[in-house]
Structures are given as C-alpha cells and as structure tokens.
Amino acid sequence: MPTFHIEQFGCRATQADGAAIERQLRDQGCAPAGSSASADVVVLNTCTVTAAADSQARDAIRKIHAASPQTRIIVTGCYAQRAPEEIAALPGVTYVVGNSHKAQIPNLLLSISPAKERISTDEPLINLSPALAFGTSSAPAPILLGDIFALSEVLVAPILGGEGNHTRPTLKIQDGCNSRCSFCVIPFVRGKSRSLPPDTVVAEIQRLARSGYREIVLSGINLGTYGRDLSPRFEFLDLLRRILDETPVERLRISSIEPLDVTQDLIDLFASSDRIAQHFHMPLQSASDRILAAMHRWYRAEHYSRRVELIQQQLPHAAIGADVIAGFPGETEVDHAATLRFIEERPFTYLHVFSYSPRPGTKAANLPAQLPGHVIKRRARELRALAEEKSAAFRQTQIGRSLRILTLHASDACAENGVTPALSTNYLQVHVPGDLPPNQFVEATIAASGPKELLARARDLEPLAAELI
C-alpha cells in the first residue's frame, strides 16, 4: 500500500474534508507518512478564496516536486474545482480532482505504485473512465471533474473522525451556498447548499464523544442555512438543541455564521448553556452600506451592529470575530474610514482581514474602479493594526478571571518554554505553566497577557473523560 501525506489549505470546511479523506485512506490500509518528503503520495487539499490562496497551492506543488520528483501529487479542493487545467499543467501533478470527485481519491491512491514508478499510459484508472489514464511526465495531469451543482448530499461528513485534529475535531454538517455575494467564488466550487441529516449529525457527535473528544467544532460553508434543504425542513437552532439533549459533548463550538442568522433565540441558547462556546464569528466584509450593497450582502451596518449589541448584553465576555475585505472595487477612503470606525467602536475580539483580489467568474471581477494594489495593501495593514489593538484590549479584560480551558497539543516552542497551550470558551489562546497532557479541561486563573496569548496558572485539573487513541 502507498503511504500518503495530506497538506491542508483554507477554511475549517476544507480541513474537515481533509480529515475525511485521511480516514478513508486509513480504512483502505494506506499508511500516513510524517511529511511530504517521506510519502509516496501527497494530497493537496486547496482553497481558492483569494489569488494568494491559489499562489500558495502552486508554490507548495513546486516545492514538493523539486524536493522529491518521484512523489505523486494529487491536487483536490476548491482551486482544483475552479481551475483544473491550470493545475494540471504544473510539473509534478499526477491528478487533479475537483470537489465533485473527492470521494474517488482513495481509489486513485490505490492505483499508484508505492515504488513511485511511472505507470504506463495504457493503464486505466480504477473505477473511472478508461479515457483517463496516467500521462507522461511532460503531459498535463488527468482531471476528474463534474457538475458541482449536481451534488445533493454532504458526501464526506458522515465519515469524519477528527483524525486531522487530535484535540478538537471539526464536523462539517453543511456544504455549498445559495447566496451570490459578488466577490465570492465559493458557491461555484462548492455547489448548492446541502445539509447532513440531523440523525447523522447526532450519531457522529455521539461517536466522537465516546472516543474521548471533549470539544467538537461544527462547520459549514453557510452554517446558518443548515437544514433548509432537508425534507422536512430542519432548523439549525433545533439541531443545536438536539445535540445538547442527546449527546454528552462537553463543549460545542460554531465555526462561522452569517450575521442575519444570529437571532435572539440563538443568542439565548448560547447564554443558557456552558456547553456551547461563547464565540461568534460573523463575517462583516465592510461597514459601508454602499459597499455592502455592491457586494450583494443581505444586511447593512446597523443590522450587524444590533447583533453585536445583543451578544454583549447576554454574553459580555464572548469572542466576536469577523471577516473583513480591504479594497473592494469602488471602495473610497470614506468607505474604508467607515469600516475602521465601526470596528473601533465595537467589541470585536479578532479579525480575519482579506486583501481583495478578483475571482474569475464573479460579478465583482468585472466592476469598474478596481483599486491599485498599493492602496489595497495599505488598507489591509490599517485593518490588521486595528485588529491587533482590539485583540490586545480584549485580552486585558480577561486578567484575573477564572476560565475553563481545554489543553491542546504543545508546539515545539511551547514545550521549550515549559508551557502547555490551551483554548478558552471565548477563543483565547492560553499558556498554562507545566507539561499537561492534551484534551483536558483546566480551571485556570488568568495572570497576565502576552503578545498573542494569555498567561495562566493552573488550579484544579479535572480527570480525562476518555483516552484518545
């Protein structure tokens, strides 16, 4: 059996896909390698949300091929779905597999010789069209691509097991998006919105909890639309209630949710249970109503502001994060200043700042008044600087508080410094003195704030609910 290594790019939904691929490959008897250099096959699970994400994937392909020319490279994910020919032409790529065909990857891997010998061009791929076969080293790689909008199910989520994250597994319960934000290419590479049935979600969380996982992250491309495609329709809020009632999961975290889906009822549920992480990630993109309209976003700044107020009223220490785009076409200095002012005046705890880049096929790519690169970069720097200020201010408010934090696997730097990293309910990185095992809840008092993290002293260590495999 060939050995494999998976390199991940992009959002939690993409990472969940990668964990599912890993589990499939393990189930087929393939062995994971410690690095790309030691693997027979490298699977690159790509993102395409920005031009920078595309560039990052291409750079990774070149580096892997240069370091080990005989290593097979399978490129999948959103970039592979959007621009397969572009990837197929890169030296070293063995297959390009769109999101539409991710389930075929285990079969492809089994068709690859562990000896890394080039298979002749007359040998067909397993379970695929005989017309698709290995090309020569100079020929473009075969492409496996289909109509992404024909997918009606969340194909990979039922087999997730958290292998890609040994402390906090991500369970993808929704995929695709029916919205058409003018800047976003994701609906065209993920397809229409579709949901995992609630019984399957509950069963999977029960299985993960029995395996010893104590925090589980729910993810999706447009999580708030969960269940609207099911028959009968099932609401996201009702799913959260079922999870709390029917599973023993100790902490449930929501990855990202659109602001209009953050209702009073949802906030009430968060406030009523300490088993739901006090963490709201709501994409903002801009605080200029004119730009929001051009983006085809379905809210205005006042709607977003009201959600922040409701969260603060009931959960004053909750994490509130946002995505923000710098330099959208036609954005003026006045628009940019409005976004800075909006963020400065509200209790954001972190930001994900994206420099706008035109995505092929989107409406924004054809808008007039595309901004110069130096303007976009400067505005992104200003947003990131403000984000650092907001994060630092939020960390200061936590000094002296007692937080229940979950220990994580220590990096080399943490181990050298004699601390164990942990994560709080409100999405703060906390360093606890000593060498503690991962996946344990620690009651800790926050003593100080560091450059990026909080510093704590451990108090009472709870026993581990179950040993991780």
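Residues numbered from 1 in each chain as written. Predicted model: local features only at pLDDT ≥ 70, side-chain atom pairs only at ≥ 80, totals over all residues. Heavy atoms only, no water.

**Section: the pattern of salt bridges**
- Enumeration according to the criterion identifies 31 salt bridges in this entry.
- A salt bridge links D17 to K102; its shortest N-O distance comes to 3.0 Å. Of this pair, D17 sits in helix α1 (residues 12–27) while K102 sits in the loop between β5 (93–97) and α5 (105–110), and the two are 85 residues apart along the sequence.
- Accessibility expressed as a relative area gives 2% for D17, which makes it buried.
- Of the residues examined, K102 reaches a relative accessible area of 5% and is grouped as buried. (Salt bridge = Lys/Arg side-chain N within 4 Å of Asp/Glu carboxyl O. Helix = DSSP H or I, 4+ residues; strand = E, 2+ residues; numbered from the N terminus. Buried < 20%, exposed > 50% of the residue type's maximum accessible area, 1.4 Å probe, protein only.)

**Some points on the environment of A31**
- One can find A31 in strand β2 (residues 31–32).
- Distance from A31 to F4, taken between C-alpha atoms, is 6.3 Å for residues 27 residues apart in sequence.
- If sequence neighbours within four positions are ignored, A31 has contacts with P2, T3 and F4. (Contact = heavy atoms within 4.5 Å.)

**What about unusual backbone geometry?**
- Each neighbour pair has its own omega, and for S231 with P232 the value is 0°, a cis peptide bond.
- Considering the arrangement of structural elements, one finds P232 in the loop between β10 (215–219) and α8 (236–246).
- Although it is not a glycine, A369 adopts a positive phi angle of roughly 60°.
- Among the structural elements, A369 can be located in the loop between β14 (350–355) and α13 (373–397).
- One non-glycine residue with positive phi stands out, namely Y427, at about 60°.
- Here Y427 shows up in the loop between β16 (419–424) and β17 (429–433).
- Residue classification places Y427 among the partly exposed residues on the basis of a relative accessible area of 31%.

**Observations concerning the sheet that holds strand β3 (residues 41–46)**
- Reading across from one edge, β2-β1-β3-β4-β5-β6 is the order of the 6 strands in this open sheet, with parallel pairing throughout. Across the chains shown, the open sheet's two edge strands, defined by having one partner strand only, are β2 and β6 (143–144).
- Pairing between β3 and strand β4 (residues 72–77): 6 bridges, direction parallel. Paired with V43 across the two strands is I74, which belongs to β4.
- Sitting on the sheet, α1 is in contact with β1 (3–8), β2, β3 and β4, with an inclination near 175° to β1.
- The strands that helix α2 (residues 51–67) touches are β1, β3, β4 and β5; relative to β3, the one it contacts most, it runs at about 170°. (Pairing = 2+ DSSP bridges. Axes fitted to C-alpha atoms, helices over the stretch in contact; angles between N-to-C directions.)

**Quick notes on the sheet that holds β10**
- Strand order in the open sheet made by the 3 strands is β7-β10-β11, with parallel pairing throughout. Strands with a single pairing partner mark the edges of an open sheet, and in this sheet they are β7 (170–172) and β11 (251–254). Within this sheet the neighbouring strands show an average axis-to-axis angle of 30°, counted without direction.
- Strand direction decides the pairing type here: β10 and β11, joined by 4 bridges, are parallel. Note on β11: the bridge partner recorded for V217 is R253.
- α8 rests against β10 and β11 of the sheet, and its axis sits at about 160° to β11.

**Brief notes about the environment of I6**
- Of note, I6 is situated in strand β1.
- With 30 residues separating them along the chain, I6 and S36 place their C-alpha atoms 7.8 Å apart.
- Contacts of I6, omitting those with residues within four sequence positions, involve G18, I21, E22 and V43.

**Considerations on the side chain of S219**
- Positionally, S219 belongs in strand β10.
- With near-sequence residues (within four places) excluded, S219 lies in contact with R12, A13, A16, T170, L171, K172, I173, Q174 and S255.

**Description of the packing of aromatic side chains**
- In the structure shown here, the tally under the stated rule is 7 aromatic pairs.
- Measuring from centroid to centroid gives 6.0 Å for Y304 and F342, while their planes differ by 70°, and the two rings are edge-to-face. Placement of the pair is Y304 in helix α11 (residues 301–314) and F342 in helix α12 (residues 333–344), with a sequence separation of 38 residues.
- Overall, Y304 belongs to the buried group, its relative accessible area being 0%. (Phe/Tyr/Trp six-rings, centres within 6.5 Å; stacked < 30°, edge-to-face > 60°.)

That's the geometry; what it means functionally is another story.
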